[in-house]
Amino acid sequence: MDQTNHHNDMTPSRRAFLGTTAAISAGAMISPVATATPWEQLDPIPPKADLATMAPPMNFPRDIPIFKQAFRNWSRGIQIDDLWTCQPTSVEDLITIANWAAENRYRIRPRGYSHNWSPIVVSPESNLGTRVILLDMTEHFKDMTMTQDWPPAVTVGAGASMESLLTYLENEGYGVTSCPAPGDLSVGGVLAIDGHGTGIPAEGETREIGQTYGTLSNRVLSLKCVAWNHKNDRYELMTFDRSHPDTAAMLVALGRTIVVEAELRVEENHNLRCESYVSISADEMFAPAGASGRTMESFLNSSGRIEAIWFPFTSNPWLKVWTVQPTKPFWAREVSGPFNYPFSDNISEEVSNLIGEIMDGAPGLTPQFGQLMATVTSLGLLFDNAFDLWGPSKNLLLYVKRTTLRVTANGYAVLTRRADAQRVIHEFVNKYNSMLQAYADDGKYPINGPMEIRVTGLDDPAHAELDDACDVPLSAVVPCEDHPDWDCAVWLDLLTVPRTPFSGDFYAELEQWMFENYVGDYASMRVEWSKGWGYTGVGPWTSDQVINEYVPQTLTDGRPAKANWNSSVSLLQDLDPHGIYRNPFLDKLMPS
Ligand SMILES: Cc1cc2nc3c(=O)[nH]c(=O)nc-3n(C[C@H](O)[C@H](O)[C@H](O)COP(=O)(O)OP(=O)(O)OC[C@H]3O[C@@H](n4cnc5c(N)ncnc54)[C@H](O)[C@@H]3O)c2cc1C
């Protein structure tokens, strides 16, 4: 294990360190912006209440306040100056707005914290003239309560943040096996895209009641959504039980409904230890399958829960390894709250200046940037005494703040058998390395952020602890019936500053190779809805081949006809016959 210095206070050296350097990390994010520095804090966007200058949409229900507000997603890949927005306060508001939208040919888009990269909230071409209204779900719809004792279940409003949900669960003695790394994601937003963390059972570990090694969507027992009731010819609040086949498509619906609340299976809370390693070379960690040494496979066997972060042009990744540990190991530092990698959530001048120079036309500085980030990570772990942490699961599972560096990311899940996880990783790393080198030889540096690798189980419906739970057919990790031996998914991401030259070409070439490489009896690859995919040289979500062929195909092959891509899309259409829950990108992805 890497050695830890036990500084508990902010020593002068640590202060100096924080003043001059800071790092990107897991989910570490970068984005250049047109201000004095290329880094901008993300503050909530205040509503603009200038209704006097522009009339609200025609016939909009008078008693529901509506205002203009800028929409910016977290990466700033989508920025729209003004969009009609409202913050519904009740289910009645939601139903009224939905029926108004159907009658007035408007579209409504529920949103949470706008952390999503892909254009599934609104697409970039939307503006005030577009007949669309955003529903900010984060102000209301945040209640939560335990609704089943054993196996335990919680009912939570879709606007609640993941951090508040996990805090509530912790206080009640419950938790989750894994979850997305940030705390400021809404439950509705996470369910919409099958949000995931990392973790498969360690060798010898048996699944406990309420645990799932799949995504958050696989925890759903029931959903309350505003959907079309054919009997009454109107949008109404409807309950979708996990045992009803109609529920399947709603479990990951990409915002093609309004989820009001969800009942989720949860589990007894555990204490976790998270150890960081920076002394293992990439060659050793990502070695071919079967190699001895400290490979990803070896850590999967010993702990099951791992994440590798690897900056370009550096030799050693940052590996995090979580283990279930009821009592505090002697060397570990007990943490009383989440977000314990402050070096990754604060951007220094040194880092921002260097990335600024890269974006201003000095791409050759990219290797230096990678080195800086790796150094900052190692020093940060040391000065923040963060090499070895222990505490209640939430404090170790949440570790990315919104202030971290902003980047764009591609994202895919490769389904395979556990014995082949190392092969999947090795091949990906090999391909990436050879492409990175070939581009560099050409004077091109398209990737300046880290690679991230996590491994989860699949969305096995049995984990819901119901007799007849349906599958999650639009989840990237829904099992394939023709490959019951595929029991895990390797999630692969590559991060880079938005608009880095040649990144579209790089991502497109790599994506094509991945779709061709992870096939047959060995593996299958699906896109990660929230991130970048469908690349051409122009950027993500632009490849007709990926959007119209690969996405439907990879969610159809090996899937029963009743729960594949087409059946899910037509179910969503049936529950929204007026197409109020759509946008131009969703029109293209899921034509009616
Ligand atoms: C820094 C960073 C780190 C991340 N790390 C992870 C990670 O570790 N694991 C992971 O899986 N993902 C991760 N993500 C992606 C994130 O989980 C998704 O983008 C998620 O959808 C964001 O939630 P949100 O509340 O911001 O939703 P938004 O971005 O506001 O919306 C996303 C989608 O959800 C829909 N939606 C929102 N609320 C509702 C509702 N009430 N009813 C119906 N639909 C709704 C929207 O219409 C839209 O389609 C990360 C993102 C960022 C920026």
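See above for the structure.
Residues numbered from 1 in each chain as written. Predicted model: local features only at pLDDT ≥ 70, side-chain atom pairs only at ≥ 80, totals over all residues. Heavy atoms only, no water.

### Quick notes on the site of the ligand
Okay, step 1: Residues in contact with the ligand amount to 35 residues; listed here are only the nearest, Pro110, Gly112, His115, Asn116 and Ser186.
Okay, step 2: One of the backbone N or O atoms of Gly112 is found 2.7 Å from an oxygen atom in the ligand.
Okay, step 3: Ser186 is positioned with one of its side-chain polar atoms (N or O) 2.7 Å from an oxygen atom of the ligand.
Okay, step 4: When the ligand is considered free in solution it has 960 Å² of accessible area, and contact with the protein chains removes 99% of it. (Near = heavy atom within 4 Å. Polar contact = N/O pair within 3.5 Å; in protein donor to acceptor, adjacent residues only side chain to side chain. Areas by Shrake-Rupley, 256 points an atom, 1.4 Å probe, with all protein chains shown as cover.)

### Focus: unusual backbone geometry
Okay, step 1: Of note, the bond from Trp150 into Pro151 is cis; its omega dihedral lies within 30 degrees of zero at -10°.
Okay, step 2: By the element assignment, Pro151 lies in the loop between strand 5 (144-148) and strand 6 (153-157).
Okay, step 3: A positive phi angle, near 55°, is found at Ser114, a position not held by glycine.
Okay, step 4: Residue placement: Ser114 occurs in the loop between strand 3 (107-111) and strand 4 (132-136).
Okay, step 5: With a phi angle near 50°, Asn385 is a residue other than glycine that sits in the positive phi range. (Helix = DSSP H or I, 4+ residues; strand = E, 2+ residues; numbered from the N terminus.)

### Examining the sheet that holds strand 9 (residues 234-241)
Okay, step 1: Spatially, the five strands line up as an open sheet ordered 5-6-10-8-9, and their pairing is antiparallel. The strands lining the two open edges of the sheet, one partner per strand, are strand 5 and strand 9. Direction aside, neighbouring strands of the sheet carry axes that sit 20° apart on average.
Okay, step 2: The pairing of strand 8 (residues 220-229) with strand 10 (residues 258-265) spans six bridges and is classified as antiparallel. When the bridges of strand 10 are listed, Val220 appears paired with Leu264.
Okay, step 3: Across the sheet, helix 3 (residues 162-172) lies against strand 5, strand 6 and strand 10, angled at about 50° from strand 5, the strand it touches most. (Pairing = 2+ DSSP bridges. Axes fitted to C-alpha atoms, helices over the stretch in contact; angles between N-to-C directions. Contact = heavy atoms within 4.5 Å.)

### Digging into the pairing of strand 12 (residues 271-277)
Okay, step 1: When you tally the buried positions in strand 12, you get six out of seven residues, the bulk of the element.
Okay, step 2: Note that strand 12 and strand 16 (residues 388-392) share five bridges and pair antiparallel. Note that in strand 16 the partner of Glu275 across the bridge is Asp388.
Okay, step 3: Relative to strand 14 (residues 318-324), strand 12 runs antiparallel, the two sharing six bridges. By the bridge assignment, Ser276 is partnered in strand 14 with Lys320. (Buried < 20%, exposed > 50% of the residue type's maximum accessible area, 1.4 Å probe, protein only.)

### Section: helix 8 (residues 366-383)
Okay, step 1: Helix length check: helix 8 (18 residues) gives 25 Å between terminal C-alpha atoms against 26 Å at 1.5 Å per residue, within 8%.
Okay, step 2: Within helix 8, burial applies to Thr366, Phe369, Gly370, Leu372, Met373, Ala374, Val376, Thr377, Gly380, Leu381 and Phe383.
Okay, step 3: The first or second residue beyond helix 8 is Asn385, which carries a positive phi of 50°. (Expected span 1.5 Å × (residues − 1).)

### Some thoughts on the layout of surface pockets
Okay, step 1: In this structure, the largest pocket occupies an estimated 610 Å³ of space.
Okay, step 2: At the level of elements, strand 17 (408-409), helix 11 (503-517) and helix 14 (584-589) are the ones that each hand at least two residues to the lining of the largest pocket.
Okay, step 3: Of the residues that constitute the lining of the largest pocket, the class distribution is 14 nonpolar, 13 polar and three charged. (1 Å grid on protein atoms, 1.4 Å probe; cavity = no way out; pocket = protein on both sides within 12 Å on 5 of 7 lines; lining within 4 Å. Points joined across faces, edges and corners; volume = space filled by probe spheres on them. Nonpolar A, V, L, I, M, F, W, Y, C, P; charged D, E, K, R; others polar.)

### Concerning the environment of Phe330
Okay, step 1: You can see Phe330 is positioned in the loop between strand 14 and strand 15 (333-334).
Okay, step 2: Linking Phe330 and Glu172, residues 158 residues apart in sequence, is a C-alpha distance of 27 Å.

### What about the packing of aromatic side chains?
Each aromatic ring pair is characterised by the separation of its centres together with the angle its planes make.
Okay, step 1: As enumerated under the stated definition, the model contains 25 aromatic pairs in all.
Okay, step 2: Seen from their ring centres, Phe515 and Tyr550 are 4.4 Å apart, and the 50° between their planes marks the pair as tilted. Here Phe515, found in helix 11, pairs with Tyr550, found in helix 12 (residues 544-554); they are 35 residues apart in sequence, far enough to count as distant. Taken individually, Phe515 and Tyr550 each receive the classification buried, so the pair is uniform in this respect.
Okay, step 3: Taken together, the aromatic side chains of Phe286, Trp310, Tyr432, Tyr439 and Phe506 make up a single cluster linked through ring pairs.
Okay, step 4: Directly above the ring of Tyr522 sits Arg423, whose terminal nitrogen or CZ lies 3.5 Å from the centroid. (Phe/Tyr/Trp six-rings, centres within 6.5 Å; stacked < 30°, edge-to-face > 60°. Lys NZ or Arg CZ within 6 Å of the ring centre and 35° of its normal.)

### Quick word on the pairing of strand 3
Okay, step 1: For strand 3, a buried count of four out of five residues is recorded, marking the element as mostly surrounded by other parts of the structure.
Okay, step 2: Across five bridges, the pairing between strand 3 and strand 4 is parallel. Looking across to strand 4, one finds that Pro110 is bridged to Leu135.

### As for the pattern of salt bridges
Okay, step 1: Within this structure, the stated rule accounts for 24 salt bridges.
Okay, step 2: With a shortest N-O distance of 3.4 Å, Asp136 and Arg111 are connected by a salt bridge. Residue Asp136 is found in strand 4, and its partner Arg111 is found in strand 3; the two are separated by 25 residues along the sequence. Considered together, Asp136 and Arg111 belong to a single accessibility category, that of buried residues.
Okay, step 3: Arg423 is paired through a salt bridge with Glu427; the nearest N and O atoms lie 2.9 Å apart. (Salt bridge = Lys/Arg side-chain N within 4 Å of Asp/Glu carboxyl O.)

### Regarding the sheet that holds strand 1 (residues 67-72)
Okay, step 1: Strand order in the open sheet formed by four strands is 1-2-4-3, and the pairing between neighbours is mixed. Each of the sheet's edge strands pairs with one partner strand only, and the pair in question is strand 1 and strand 3. Shown here is a sheet whose adjacent strand axes are inclined to one another by a mean of 45°, direction ignored.
Okay, step 2: Examined bridge by bridge, strand 1 and strand 2 (residues 79-86) share five bridges and lie antiparallel to one another. In the sheet register, Lys68 faces strand 2, and the bridge partner there is Trp84.

### Some words on the packing of helix 10 (residues 421-441) against helix 11
Okay, step 1: It is at 11 Å that the axes of helix 10 and helix 11 come closest, and there the two elements cross at 150°. On the basis of their axis angle, the class for helix 10 and helix 11 is roughly antiparallel. Handedness of the helix 10/helix 11 crossing: right-handed. Contacts from Glu427, Phe428, Lys431, Tyr432, Met435, Leu436 and Tyr439 of helix 10 reach helix 11 at Asp505, Phe506, Glu509, Leu510, Trp513, Met514 and Asn517. (Parallel < 35°, antiparallel > 145°, perpendicular 65-115°, else oblique. Left-handed = near helix turned anticlockwise from the far one by under 90°.)

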